[in-house]
Amino acid sequence: TRIPPYRPGMWVKIKQFDSRESNVGADLSGKVRRVKSLTCSITSPDQQFAVWRVHFEDGRCLEWHMIERNATDQEIRTAQSR
């Protein structure tokens, strides 16, 4: 599996999820979060490949492909002021 380009302390923007999707991270859709850590694991017996997860400072986590990109300076300032 490819190691995600995100590292602890970085700010990232979550992908925008379609409101009709019952997605695990739907409530994080489009938000900016700070990365706390990364883990790689296999969580079910039939899973063939390990999955990278990005853990955020607020205790949430998502699979790394659900992250759109690094956050811009403006997005980071906005997220910090909330």
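Residues numbered from 1 in each chain as written. Predicted model: local features only at pLDDT ≥ 70, side-chain atom pairs only at ≥ 80, totals over all residues. Heavy atoms only, no water.

K.L.:
Describe in detail the side chain of Ser-29, supporting the description with residues and values.
P.N.:
Structurally, the position occupied by Ser-29 is in the loop between strand S1 (11-14) and strand S2 (32-41). By relative accessible area, Ser-29 is classed as buried at 18%. In this structure the side chain of Ser-29 is engaged in a polar contact, spanning 3.3 Å, whose partner is the side chain of Gln-16. The contacts of Ser-29, once residues within four sequence positions are left out, are Lys-15, Gln-16 and Phe-17. (Helix = DSSP H or I, 4+ residues; strand = E, 2+ residues; numbered from the N terminus. Buried < 20%, exposed > 50% of the residue type's maximum accessible area, 1.4 Å probe, protein only. Polar contact = N/O pair within 3.5 Å; in protein donor to acceptor, adjacent residues only side chain to side chain. Contact = heavy atoms within 4.5 Å.)

K.L.:
Which residues make up the confidence of the model for the protein, and what are the values?
P.N.:
Confidence along the protein averages 89 in pLDDT terms, with 90% of residues attaining 70 or more. In the model of the protein, strand S4 (residues 61-63) stands out as the element of lowest mean pLDDT, 93, in contrast to S1, which has the highest, 97. (pLDDT = per-residue confidence, 0-100.)

K.L.:
Describe the layout of surface pockets, naming the residues involved and giving the relevant values.
P.N.:
Of the pockets and cavities examined, the largest pocket occupies roughly 220 Å³. Lining of the largest pocket is provided by 13 residues; of these, Lys-31, Val-32, Arg-33, Ala-79 and Arg-82 occupy positions nearest its centre. Contributions of two or more residues to the lining of the largest pocket are made by S2 and helix H1 (73-80). When the residues that make up the lining of the largest pocket are grouped by side-chain class, the tally is four nonpolar, two polar and seven charged. (1 Å grid on protein atoms, 1.4 Å probe; cavity = no way out; pocket = protein on both sides within 12 Å on 5 of 7 lines; lining within 4 Å. Points joined across faces, edges and corners; volume = space filled by probe spheres on them. Nonpolar A, V, L, I, M, F, W, Y, C, P; charged D, E, K, R; others polar.)

K.L.:
So what about the environment of Lys-15? Which residues, and what values?
P.N.:
Inspection of the secondary structure puts Lys-15 in the loop between S1 and S2. By relative accessible area, Lys-15 is classed as partly exposed at 35%. Beyond its immediate chain neighbours, meaning those up to four positions away, Lys-15 contacts Ser-29, Gly-30, His-65, Met-66, Ile-67 and Glu-68.

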